[in-house]
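Structure at a glance
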Amino acid sequence: MEEQQAQPQKPKKSVGREIFEWVITVLAALAIALVIRTFLFEPVKVDGHSMDTTLADGEIMLVTKTEYTSLNLFGNSYKIFGDPQRFDVVICHYPDRGSTNFVKRVVGLPGDTVEITGGYLYVNGVKYEEEYLTYRPNYTMAAYTVPEGYYFVLGDNRSNSNDSHIIGPIAREMIVGHVRQVVYPFSDWRKVE
């Protein structure tokens, strides 16, 4: 019969070493989550009715951030991927409102002339039907030319939205993400066009 060789035993980790490894693992997971949320995508909850019926109060949207990423180096901003396009649904911030997220639709690009007459949006003199609107605006807005570096955003529930027709255009750097999907409630999972 062969003799069994004694297997060398691994030295037991000290309690301090175990705690240290757990702390490092948790910190690494938090750092990865922060990078993903800051630079790639983030879930955002709709709060209010300004985007009815495209987005409903309480729904959770998946917002991607890569399309609009820019890099600031030595006081200059460099676009990495691109800029918001007309009719993109975006997450943005407003001047003097801190990091509060607002969800709106981009209707005016830098240099565009935006106007609302008879319940319809006109951009550069072209009338848009905007089939996604359930509620047309009950106001008129005189022609306004969007300055360079700024965007004109409106809610889809035009008469019930605090947007550019009230606060004016927003700077490019205030647009932080592109709304892609409604992910909750699961029964309403859908792409946002």
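Each value, and the rule that gives it
Residues numbered from 1 in each chain as written. Predicted model: local features only at pLDDT ≥ 70, side-chain atom pairs only at ≥ 80, totals over all residues. Heavy atoms only, no water. Salt bridge = Lys/Arg side-chain N within 4 Å of Asp/Glu carboxyl O. Helix = DSSP H or I, 4+ residues; strand = E, 2+ residues; numbered from the N terminus. Pairing = 2+ DSSP bridges. Axes fitted to C-alpha atoms, helices over the stretch in contact; angles between N-to-C directions. Buried < 20%, exposed > 50% of the residue type's maximum accessible area, 1.4 Å probe, protein only. Phe/Tyr/Trp six-rings, centres within 6.5 Å; stacked < 30°, edge-to-face > 60°. Lys NZ or Arg CZ within 6 Å of the ring centre and 35° of its normal.

Right, let's talk about the pattern of salt bridges for a bit. Overall, the coordinates contain five salt bridges when judged by the stated rule. For Asp112, the salt bridge is made with Arg86, and the minimal N-O distance between the two is 2.4 Å. With Asp112 in the loop between strand E6 (102-108) and strand E7 (113-117) and Arg86 in the loop between strand E4 (76-79) and strand E5 (89-92), the pair connects residues that are 26 residues apart, well separated along the chain.

Ordered by their spatial adjacency, four strands build an open sheet running E9-E8-E7-E10, and the pairing between neighbours is antiparallel. Of all the strands in the sheet, just strand E9 (126-128) and strand E10 (141-145) have a single pairing partner and so form its edges. Pairs of neighbouring strands in the sheet enclose a mean axial angle of 20°, with direction left out of account. Of the strand pairs in this sheet, E7 and E10 are connected by three bridges, and their pairing is antiparallel. Following the sheet pairing, Ile116 is matched in E10 by Met141.

Moving on, we come to the pairing of E7. Here E7 shows a buried face lined by Val114 and Ile116 and an unburied face lined by Thr113, Glu115 and Thr117. Linkage of E7 to strand E8 (residues 120-123), two consecutive antiparallel strands, is achieved through a turn of two residues, within which Gly118 is found at a positive phi near 60°.

Omega for the peptide link from Asp52 to Thr53 comes to -5°, which places this bond in the cis form. With respect to the helices, strands and loops of the structure, Thr53 is situated in the loop between strand E1 (41-45) and strand E2 (60-64). Put simply, Tyr184 and Pro185 share a cis peptide bond, and its omega is 5°. Its location among the elements puts Pro185 in the loop between strand E13 (175-184) and strand E14 (190-191). Phi at Asp96 takes a positive value of approximately 60°, unusual for a residue other than glycine.

A separate point is the packing of aromatic side chains. The description of an aromatic ring pair rests on the distance of the ring centres and on the angle between the ring planes. Taken as a whole and judged by the stated rule, the model has five aromatic pairs. With 3.9 Å between their ring centres and 10° between their planes, Tyr94 and Phe102 make a pair best called stacked. For Tyr94, a relative accessible area of 2% corresponds to the buried category. The exposure class of Phe102 is buried, given its relative accessible area of 12%. Pairing Tyr184 with Phe186 gives two aromatic rings, centres 5.2 Å apart and planes at 90°, and the pair type is edge-to-face. Residue class for Phe186 comes out exposed when judged on its relative accessible area of 62%. What links up through ring pairs into an aromatic cluster is the set Phe87, Tyr128 and Tyr132. A cation sits over an aromatic face here: Arg105 above Tyr132, 3.6 Å from the ring centre.

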